[in-house]
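Chain residues, written in single-letter form:
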Amino acid sequence: MVYFFTSAHNPNVIIYMGKDKYENEDLIKYSWPHDIWWHVDNLSSAHVYLRMDTPINHYSEIPQEIIADAPTKKNSIEGCKKAAVGINYTWARNLKKQIGMETGAVTFHDSKQVARINCQKDTSLSNKIMKTKKEAFPNLELELRDHMKDLERMKNKEVRDEKQAKKEEENARHEAIVAK
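1. Regarding the overall build of the chain
Thought 1: Looking only at helices and strands, the chain has four helices and nine strands in total.
Thought 2: The helix and strand sequence of the chain, counted from the amino end, reads β-β-α-β-β-α-β-β-β-β-α-β-α.
Thought 3: The principal-axis extents of the C-alpha atoms in the chain amount to approximately 80 × 35 × 35 Å.
Thought 4: Going through the 180 residues of the chain one by one, you find that 37% of them count as buried.
Thought 5: Summing over all exposed atoms, the chain offers an accessible surface of approximately 11,300 Å²; the carbon and sulfur share of this is 50%.

2. Focus: the nonpolar core
Thought 1: Ile36, Trp38, Leu50, Met52 and Ile62 are the most contacted members of the largest nonpolar core, which has 26 residues in total.
Thought 2: Those elements giving two or more residues to this core turn out to be β1 (2–6), β2 (14–18), β3 (36–40), β4 (48–51), α2 (64–69), β5 (84–91) and α3 (123–130).
Thought 3: When residues no more than four places from it in sequence are discounted, the contact partners of Ile62 are Ile36, Leu50, Met52, Ile56 and Ile67.
Thought 4: Counting residues in hydrophobic clusters, the runner-up holds 13 residues, among them Val2, Tyr30, Tyr49 and Ala92.

3. Digging into the pairing of β2
Thought 1: The buried count for β2 comes to four of five residues, which makes it a mostly enclosed element.
Thought 2: Pairing of β1 with β2 involves five bridges; the strand directions are antiparallel. Following the sheet pairing, Thr6 is matched in β2 by Ile14.
Thought 3: Judged from the four bridges that link them, β2 and β4 form a sheet pairing that is antiparallel. By the bridge assignment for β4, Met17 is matched with Val48.

Rules used throughout
Residues numbered from 1 in each chain as written. Predicted model: local features only at pLDDT ≥ 70, side-chain atom pairs only at ≥ 80, totals over all residues. Heavy atoms only, no water. Helix = DSSP H or I, 4+ residues; strand = E, 2+ residues; numbered from the N terminus. Buried < 20%, exposed > 50% of the residue type's maximum accessible area, 1.4 Å probe, protein only. Areas by Shrake-Rupley, 256 points an atom, 1.4 Å probe, with all protein chains shown as cover. Core = buried A, V, L, I, M, F, W, Y, C linked by side-chain atoms within 4.5 Å. Contact = heavy atoms within 4.5 Å. Pairing = 2+ DSSP bridges.

Here's what the structure looks like:
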């Protein structure tokens, strides 16, 4: 089961997390390439994922108000009691599972890709986000496969469009030369 939340600032942004550490294993395995993973620094907490409405390539593309929407702090038993906590975030593809790791535990392929923010307690925003929680049972593997096919189709279309534009440019140049 996966919990989905609606961003208070952009309803097209998908925020999701697993029910428990066992569900986190599937989320780690089937997250999309541009998904962002969030976790309270040095405390037990939910693994929260952020999927922007369009794929991003850099953390700076995440609006600050969307960062505040991630219910990471609210889903940490210790973190929700504190006035402020650190939140680590990284690309979901940067998460690394090693043999022998505890269920739900992760490390990183590249620790330099892990960013950290301080999150202040904002009960009204947290409660607003938590009220949007919906349970679902998606086929994560199938959704990832379909998404990867869509990305491949978009990439192929871009390549075709570039080739077509070059061909049209060459034809225009050729026609200009012939017309002289």
